[in-house]
Amino acid sequence: MKPLIVANWKMNPRALGEARALAACAGRAARAKRGVAVAVAPPFPYLAAVRNRIRPAVLAAQDVSTEPSGPWTGEVSPAMLKNLGVRYVIIGHSERRALGESDEAIARKVSAAARVGLVPIIAVGEAAREAQEVIPSAIRTQLASAVAAAPRRRLAGAVIAYEPLWAISTSRGARPDAPDNATRRAIYIRKLLVGLLGERIASTIRVIYGGSVTARNAGAFVSRDVRGMEGVLVGAASLDAEEFVNVVVSVAQAARGGVRA
Ligand code: PGA
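Residues numbered from 1 in each chain as written. Predicted model: local features only at pLDDT ≥ 70, side-chain atom pairs only at ≥ 80, totals over all residues. Heavy atoms only, no water.

(A) Inspection of the nonpolar core at higher detail. If you look at the biggest cluster of nonpolar residues, it comprises 70 residues, and the most contacted ones within it are I5, I189, L193, F244 and V247. The contacts of I189, once residues within four sequence positions are left out, are V124, I139, L143, I160, Y162 and V207. Judged by nonpolar contacts, the second largest core, of 14 residues, contains L4, I90, I121 and V159. (Core = buried A, V, L, I, M, F, W, Y, C linked by side-chain atoms within 4.5 Å. Buried < 20%, exposed > 50% of the residue type's maximum accessible area, 1.4 Å probe, protein only. Contact = heavy atoms within 4.5 Å.)

Here is the structure:
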């Protein structure tokens, strides 16, 4: 499986022109490095405007409604995203959980998205840094709950983003996870997925790492030898065009064997 690089722009940039320029750079990087898959998650209002510029990178949304249609002011349905050409949707990002999004709502979003053929990128991660040998119970709880409502076979090809909150660049004192620890987490998440969804579906699911990923460390997270992290979710560094291009280059190099995790 090609490593997946997801650019999570969050609520940026301020102007459409900047979004177009960033998108064009992401597209150029994706064209130059065919050994990786790139997805760009802009805010909703930019989705349609950047769609053609990012190719061959694909579109991701940052959220989706639990509901298919109806009186839900401010919400965006899975079908609307699908019809716009969106491939992936990030669900359960810690910044949304912090606003009160519950495990139950996340499970419903995963199910609603998967049913229309969107690919969920399910974000999980613990709040506080723990000893490396301790597997945070938050991962197990969040993951089990997130996949509980969706038909299993619809989760084939889904993505799990492991993002420890303490590593996200906007957290106080943030530091990226150590790549070998992230690899251990990926292996653990994969084991959980086998238990939750069965070997066949679990083997189609990518686990990716997020939290202070930069061009300098991105390659180290993508391990080749074991089935560890198979991509990265990039926040702050995806807003700097040159930095993001270098993230893509670094992951592509690692995937070819230039950098070992
Ligand atoms: P960061 O954000 O790369 O800025 O740490 C990652 C995320 O929150 O998805």
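(B) View of the pattern of salt bridges. Tallying each qualifying case throughout the model produces ten salt bridges. Residue D103 is joined to R97 by a salt bridge in which the shortest nitrogen-to-oxygen separation is 3.0 Å. Taking relative accessible area as the criterion, D103 reaches 29% and is therefore assigned partly exposed. Judged by relative accessible area, R97 falls into the buried class, the value being 17%. (Salt bridge = Lys/Arg side-chain N within 4 Å of Asp/Glu carboxyl O.)

(C) Structural context of the site of the ligand. The immediate surroundings of the ligand are formed by 13 residues, with K10, H93, E163, S169 and S212 found nearest. N8 has a polar side-chain atom sitting 3.4 Å from an oxygen atom of the ligand. Considered class by class, the residues forming the shell around the ligand number four nonpolar, six polar and three charged. (Near = heavy atom within 4 Å. Polar contact = N/O pair within 3.5 Å; in protein donor to acceptor, adjacent residues only side chain to side chain. Nonpolar A, V, L, I, M, F, W, Y, C, P; charged D, E, K, R; others polar.)

(D) Local environment of the pairing of strand β2 (residues 37-41). Burial within β2 is extensive, with four of its five residues counted as buried. Pairing geometry for strand β1 (residues 4-8) and β2, over five bridges, is parallel. Residue pairing for β2: A7 is matched across the bridge by V40. Note that β2 and strand β3 (residues 58-61) share two bridges and pair parallel. The partner of A39 across the bridge, within β3, is V58. (Helix = DSSP H or I, 4+ residues; strand = E, 2+ residues; numbered from the N terminus. Pairing = 2+ DSSP bridges.)

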